[in-house]
Amino acid sequence: MFERFSRQARQVVVGAQEEARGLGHDWIGTEHLLLAALRLPEQPGAATLVRLGVSAESCRAAVASVVGGTGDDALGPQDAEALKAFGIDLDEIRRRAENAFGDGALDTPAHDPEARAPRKSRFSRRVRPGSGGSLGVPASVPGPSGHIRFTGRAKKALELSLREAIARRDRRIGVEHLVLALLRGDDRISQGMFRQLGVAPKEMRDLVLADLRPAA
């Protein structure tokens, strides 16, 4: 499948690994693919997002909010003030925890928040790093610090990008197909990220497709 990727689309896949490492994540998700696509703001698909106000910076903040535990389930400043009325000082609790256990002791662990522990079976087959999955999507990509695996939602997006290219009768998979596929994401992380960005995925897909028509 990857032989059909354009040079720019391959840059997105490589860039997603770099984004994951930069955020301290040990997985590659749809959030990292979108961040990497926004590194190429002049490419079709990404250009539509940028034109409508989505930037790499705002996307990175949205990822930190959804994945890093600072979204709707987190305690904000108003919550902290309310707890102080009951004698609970969150800042002091954090300080003591970090003194005892090290910096970031109360931070969200850097693992895929949608991941589930795999069930062990004596009949399970061991998968080698980088081995192909459905439609030739690899299970992980190599890096200087070892392999980082693709999440199921990221592999689904890569597979959908092929379907997007086929539907448009395009011979190559470009950044625009990756963006269209990402906007189809129905998982909690993707939807939460788009909600933080103020993006309605279906409407944004229509706008991306409209921008592609003159170049078709």
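The coordinates are above.
Below is a short write-up of the structure. No experiment lies behind these values; they were computed from the predicted model shown. (Residues numbered from 1 in each chain as written. Predicted model: local features only at pLDDT ≥ 70, side-chain atom pairs only at ≥ 80, totals over all residues. Heavy atoms only, no water.)

### Here we look at the environment of leucine 212
- Looking at the secondary structure, you find leucine 212 in helix α10 (residues 201-212).
- In sequence terms leucine 212 and threonine 48 are 164 residues apart; their C-alpha atoms lie 9.4 Å from each other.
- Among residues more than four places away in sequence, those in contact with leucine 212 are Pro44, Arg168, Glu176 and Leu180. (Helix = DSSP H or I, 4+ residues; strand = E, 2+ residues; numbered from the N terminus. Contact = heavy atoms within 4.5 Å.)

### Quick look at the nonpolar core
- Counting 46 residues, the largest nonpolar core has Val12, Leu33, Leu34, Cys59 and Leu197 as its most contacted members.
- Among the elements that take part in this core, helix α4 (residues 56-67) stands out by supplying six residues, more than any other.
- For valine 12, the contacting residues outside a window of four places in its chain are Leu33, Ala36, Ala37, Leu40, Val175 and Leu178. (Core = buried A, V, L, I, M, F, W, Y, C linked by side-chain atoms within 4.5 Å. Buried < 20%, exposed > 50% of the residue type's maximum accessible area, 1.4 Å probe, protein only.)

### Topic: the side chain of threonine 48
- The residue threonine 48 is located in helix α3 (residues 46-51) in this model.
- With residues near it in sequence (within four places) discarded, threonine 48 still touches Met204, Leu207, Val208 and Asp211.

### A look at α10
- Under the 1.5 Å per step criterion, the end-to-end length of α10 is 16 Å for twelve residues, consistent within 8% with the ideal 16 Å.
- Looking only at α10, the buried set comprises Met204, Arg205, Val208 and Leu212. Buried residues of α10, viewed axially, fall in a sector of 105 degrees; they line one side.
- Contact partners of the buried residues in α10: α3, α7 (152-167) and α8 (175-182). (Expected span 1.5 Å × (residues − 1). Arc of directions from axis to C-beta.)

### Observations regarding the environment of leucine 34
- Structurally, leucine 34 can be placed in helix α2 (residues 30-37).
- Taking relative accessible area as the criterion, leucine 34 reaches 2% and is therefore assigned buried.
- In the structure, leucine 34 is positioned 29 residues away from valine 63 in sequence and 9.9 Å away in space, judged by C-alpha atoms.

### Points about the packing of α7 against α8
- Two elements in contact, α7 and α8, have axes whose closest approach is 8 Å; the angle formed by their N-to-C orientations is 120 degrees. On the basis of their axis angle, the class for α7 and α8 is oblique. The two elements α7 and α8 cross, and the hand of that crossing is right-handed. Of α8, the residues touching α7 (which contributes Ala157, Leu158, Leu160, Ser161, Glu164 and Ala165) are His177, Leu178, Leu180, Ala181 and Leu182.
- Each residue belonging to the contact of α7 with α8 can be placed in one class, and the counts come to eight nonpolar, two polar and one charged. (Axes fitted to C-alpha atoms, helices over the stretch in contact; angles between N-to-C directions. Parallel < 35°, antiparallel > 145°, perpendicular 65-115°, else oblique. Left-handed = near helix turned anticlockwise from the far one by under 90°. Nonpolar A, V, L, I, M, F, W, Y, C, P; charged D, E, K, R; others polar.)

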